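Residue-level structural notes
The lines below spell out each chain.
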Amino acid sequence: KEEMPAIASQKLSEMSGRYTIQVFAMHDQKNAEDIVARLSEAGYPAYLEQIPMKDETWHTVRIGKYPSRVAAKKAVETFALELRSSYFIGRVKSN
């Protein structure tokens, strides 16, 4: 089990922006929950969001809530390399 490098970050409950960073998406809810737990332990303001699509549900792992795409992009630059290699900046679906 690989450790996620820690970063200095805000708590998710203290963030209220309209943009978030999706770092993983998968069908397996347990796997997604495990990733959220590992990221949270490492200091990332991570959370799980379920996205229904046709006859299936995707479980997306997201980090933070940022006021703008620019702020989200700057946050990505502080992430571990594994997280910077594949991400998507999108709008927060729920607060």
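Structural data are supplied above this passage.
All values reported here derive from a predicted model rather than from experimental measurement.

Thresholds applied
- Residues numbered from 1 in each chain as written.
- Predicted model: local features only at pLDDT ≥ 70, side-chain atom pairs only at ≥ 80, totals over all residues.
- Heavy atoms only, no water.
- Helix = DSSP H or I, 4+ residues; strand = E, 2+ residues; numbered from the N terminus.
- Buried < 20%, exposed > 50% of the residue type's maximum accessible area, 1.4 Å probe, protein only.
- Contact = heavy atoms within 4.5 Å.
- Areas by Shrake-Rupley, 256 points an atom, 1.4 Å probe, with all protein chains shown as cover.
- Expected span 1.5 Å × (residues − 1).
- Arc of directions from axis to C-beta.
- Polar contact = N/O pair within 3.5 Å; in protein donor to acceptor, adjacent residues only side chain to side chain.
- Pairing = 2+ DSSP bridges.
- Axes fitted to C-alpha atoms, helices over the stretch in contact; angles between N-to-C directions.

Attention now moves to the overall build of the protein. Within the protein, the secondary structure is distributed over three helices and four strands. Listed by position from the N terminus, the elements making up the protein come as β-α-β-β-α-α-β. Here the protein holds 95 residues, and 40% of them are scored as buried. Within the protein, contacts between residues at least 6 apart in sequence are counted, and of these 70% link residues at least 24 apart. For the protein, the exposed area adds up to about 6000 Å²; of that, 50% sits on carbon and sulfur atoms.

As a further point, take helix H1 (residues 29-41). Helical periodicity: at 3.6 residues per turn, an α-helix aligns residues three or four positions apart in one direction. Its 13 residues give H1 an end-to-end C-alpha distance of 18 Å, which sits within 8% of 18 Å, the value for a rise of 1.5 Å per residue. By the burial criterion, the buried members of H1 are Ala 32, Ile 35, Val 36 and Leu 39. Along the long axis of H1, the arc covered by the buried residues comes to 100°, so they all point the same way. Pointing more than 90 degrees away from the buried face of H1 are the exposed residues Lys 30 and Glu 41. In this fold, the buried residues of H1 make contact with strand E1 (19-26), strand E2 (46-53), strand E3 (56-66) and helix H3 (81-84). Of the residues that open H1, the one with a side-chain oxygen 3.0 Å from the backbone nitrogen of Lys 30 is Asp 28.

Within the secondary structure, Glu 49 is located in strand E2. Judged by its relative accessible area of 8%, Glu 49 falls in the buried class. Side chain to side chain, Glu 49 and Arg 62 meet in a polar contact 3.3 Å long.

With that settled, consider the sheet that holds E1. Pairing is antiparallel across the open sheet formed by four strands, whose spatial order is E2-E3-E1-E4. The open sheet is flanked by E2 and strand E4 (88-91), the only strands paired with a single partner. Between one strand axis and the next, the sheet turns through 45° on average, direction left out of account. Here four bridges tie E1 to E4, and the two strands are oriented antiparallel to one another. Opposite Thr 20, over in E4, you have Gly 90 as the bridge partner. Those strands touched by H1 are E1, E2 and E3, and its axis lies near 155° from that of E2. Helix-sheet contacts for helix H2 (residues 69-76) involve E1, E3 and E4, and the interaxial angle to E1 is about 55°.

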